[in-house]
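So the chains spell out like this:
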Amino acid sequence: MVGHAFMGRAHSQAWRSVGPFFGPPLTPVMAALAGRDAGRAAAAARTLGWASSEGDWKQLLRRDDVQIVDICTPGDAHAEIAVAALDAGKHVLCEKPLANSSAEAEAMVAAAERAREHGIRSMVGFNYRRVPAVTLARDLVAGGRIGTVRHVRAQYLQDWLTDPEAPFSWRLDRDRAGTGALGDIGAHIIDTAQFITGHALVGVSAVLDTFVRERPVPGGGTAPVTVDDAALFVGRTDGGALASFEATRMATGRKNALRIEVSGSTGALSFDLESMNELWFYDGTEDAATAGFRRIVVTEPVHTYARQWWPPGHMLGYEHTFTHQAADFLTAIADGADPSPSFADGLRVQRVLDAVAASAASGGWADVEGS
């Protein structure tokens, strides 16, 4: 694994737990963790359960005991590491968003296609696809339970930057992060919306804003914020639906509210990550006297992933989505199958992000490249 901060901790938990709970056809051995600082990487390896550490990620590619490279770095390093790892014959799992630009993502897709010819697999980490309630939502839409999809309303609301004295970090630097709330959390709702509906966004109209343009740097001084704090955009899908999206790290009081509602011709569904074991479903074909949204607790053995964990009604959490991701990736590698979401799926999301940025800059409508 490359990187050992927030995502590195989440992915480490997944690699530790996937074997005991899912029994995948391949057993992961946590061979090595790499980081920019050898001392910090060694300390993180001890804490997170990795057998060894490296101060340079390139060393991982020279090791025969490494078959998978899991990329948990800031976005500016994704393309270089992924392309090199795939060309070296390593399977690659890469955190989202796939890259900081469509050009980088295209290079990653090309490397993935070259590697695939030699049985090497790749996947981008949109972990919210692995929430059982989100998977159920997709199944209901695919099964025709809400009819023709007409509207999609998606939000991702956080508040960790509301305080203007919150310190500067790499997530606020365009060179490191690419974008702000748009790529960090907006990428999630784009992918979740496209995953649930089976539709792809083809065009958008957007506005971005940065409310706090300078933040304190630990140790003294300030640094300019060069990314967006909030992104709002509307769009149209290739299935003819209208969609609206809001991504912000300035929604006071909202901690991790990824919300999506899909309205169809005969039904609707609604999901909120802050109540992630629940899906709300409306069946418009029921008797109007008793029809209404009903709460489904998505913890039954018939629900995807749930049977591997606890008895019904015992809740799953954020960390479990990464374990599901690891299980699916290992199974795909063992089966010689293409994991999902692929790097091509990540490129499609990146092209939407680029269209949103272009629309916000021009003040007009922007088509999504390749749509």
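Starting from 1, residues in each chain are numbered consecutively following that chain's sequence as written. The predicted origin of the model limits local features to residues at a pLDDT of at least 70 and limits the giving and counting of side-chain atom pairs to 80 or more, whereas totals for whole chains, interfaces and linings rest on all residues. Only hydrogens and water are set aside; all other atoms, that is, all heavy atoms of the structure, feed into the side-chain values.

## Considerations on the sheet that holds strand β7 (residues 201–209)
- Two strands make a pair as long as DSSP finds a minimum of two bridges between them. Helix numbering and strand numbering both begin at the N terminus, where a helix is a DSSP run of H or I of at least 4 residues and a strand a DSSP run of E of at least 2. The mixed open sheet is built from nine strands, whose spatial order is β15-β14-β13-β12-β6-β11-β10-β7-β16. The open sheet has two free edges, formed respectively by β15 (294–297) and β16 (366–367), since each of these has just one partner strand.
- As judged from the seven bridges shared by strand β6 (residues 149–157) and strand β11 (residues 242–248), these two strands associate in the parallel manner. Across the sheet, the residue bridging to R153 is S244, located in β11.
- Relative to strand β14 (residues 278–283), helix α6 (residues 132–142) is tilted by about 20°, and along the sheet it contacts β6, β13 (267–272), β14 and β15.
- Residues are treated as being in contact if the distance between any of their heavy atoms lies within 4.5 Å. Think of each axis as a best-fit line through the C-alpha atoms, taken over the contacting stretch in the case of a helix, with angles from 0 to 180 degrees between the N-to-C directions. Along the sheet face, helix α8 (residues 181–197) touches β6, β7, β10 (230–237), β11, β12 (257–264) and β13 and points at about 150° away from the line of β11.

## Overview of the pattern of salt bridges
- Any Lys or Arg side-chain nitrogen found within 4 Å of a carboxyl oxygen on Asp or Glu counts as a salt bridge. Applying the stated criterion across every chain yields a total of 21 salt bridges.
- Salt-bridge contacts for E369 lead to R351; the nearest nitrogen and oxygen are separated by 3.9 Å. Of this pair, E369 sits in the segment after β16 while R351 is found in helix α10 (residues 343–362), placing the two residues 18 residues apart along the sequence.
- Accessibility expressed as a relative area gives 18% for R351, which makes it buried.
- Linked by salt bridges that have partners in common, K96, R171, D184 and R249 make up one network. For every residue, the accessible area (1.4 Å probe, protein chains only) is compared with the maximum for its type, and the residue is labelled buried under 20%, exposed over 50%, or partly exposed between those bounds.

## Quick word on the layout of surface pockets
- For each structure, a 1 Å grid was placed over the protein atoms alone; sets of points admitting a 1.4 Å probe that cannot get out are labelled cavities, open sets with protein on both sides within 12 Å along at least five of seven lines are labelled pockets, and lining residues have an atom within 4 Å of a point. Grid points are joined across faces, edges and corners, and a volume is the space filled by probe spheres set on the points. Considering only enclosed or pocket space, the largest pocket measures out at about 1,100 Å³ in volume.
- Lining the largest pocket are 47 residues; nearest its centre among them are C72, T73, P74, W170 and R171.
- For the lining of the largest pocket, the element with the highest residue contribution is α8, accounting for four residues.
- Residue composition of the lining of the largest pocket, by class: 19 nonpolar, 16 polar and twelve charged.
- In this structure, the second largest pocket spans a volume of roughly 370 Å³.
- If you trace the second largest pocket, you find 20 residues lining it, with P28, V29, D65, Q67 and I68 closest to the centre.
- At the level of elements, β3 (68–71) and α9 (318–335) are the ones that each hand at least two residues to the lining of the second largest pocket.
- Looking at the lining of the second largest pocket residue by residue, the class counts come to 15 nonpolar, three polar and two charged. Under the scheme applied here, ten amino acids are nonpolar (Ala, Val, Leu, Ile, Met, Phe, Trp, Tyr, Cys and Pro), four are charged (Asp, Glu, Lys and Arg), and all others, including Gly, are polar.

## Some details on the UniProt feature "domain: Gfo/Idh/MocA-like oxidoreductase N-terminal" (unreviewed entry) in the chain
- Per the UniProt annotation, the sites labelled "domain: Gfo/Idh/MocA-like oxidoreductase N-terminal" (unreviewed entry) are residues 1–115.
- As annotated, residues 1–115 comprises 49% helix and 11% strand, and the C-alpha atoms at either end are separated by 19 Å. UniProt positions are given in the numbering used here, feature names are shortened, and annotations may be inferred rather than shown by experiment.

## Digging into the sheet that holds β3
- Spatial ordering of the open sheet is given by β3-β4-β5, a layout of three strands whose pairing is parallel. The two strands at the open ends of the sheet, each matched to only one other strand, are β3 and β5 (122–125). Taken over all neighbouring pairs, the strand axes of this sheet differ in orientation by 10° on average, direction set aside.
- Sheet analysis places strand β4 (residues 91–95) next to β5, joined by four bridges and oriented parallel. In the strand pairing of β5, C94 is matched with V124.
- Seen against the sheet, α9 touches β3, β4 and β5 and runs at an angle of roughly 155° to β4.

## Here we look at the state of the cysteines
- Note on disulfides: each one is a pair of cysteine sulfur atoms within 2.5 Å. Enumeration over the complete set of coordinates arrives at zero disulfides.
- C94 provides the cysteine sulfur closest to C72, a residue in no disulfide bond, and the two sulfurs are 8.5 Å apart.

## Quick look at the side chain of H78
- Within the secondary structure, H78 is located in helix α4 (residues 78–87).
- The term polar contact refers here to a pair of N or O atoms within 3.5 Å; inside protein, the definition further demands a hydrogen-donor-capable atom paired with an acceptor-capable atom, and it admits residues adjacent in sequence only when both atoms are side-chain atoms. Separated by 2.9 Å, the side chain of H78 and the backbone oxygen of T73 make a polar contact.
- From its side chain, H78 meets the backbone oxygen of E95 in a polar contact 3.5 Å long.
- In contact with H78, other than residues within four places in its own chain, are I71, T73, C94, E95, K96, P97, L98, A99 and M108.

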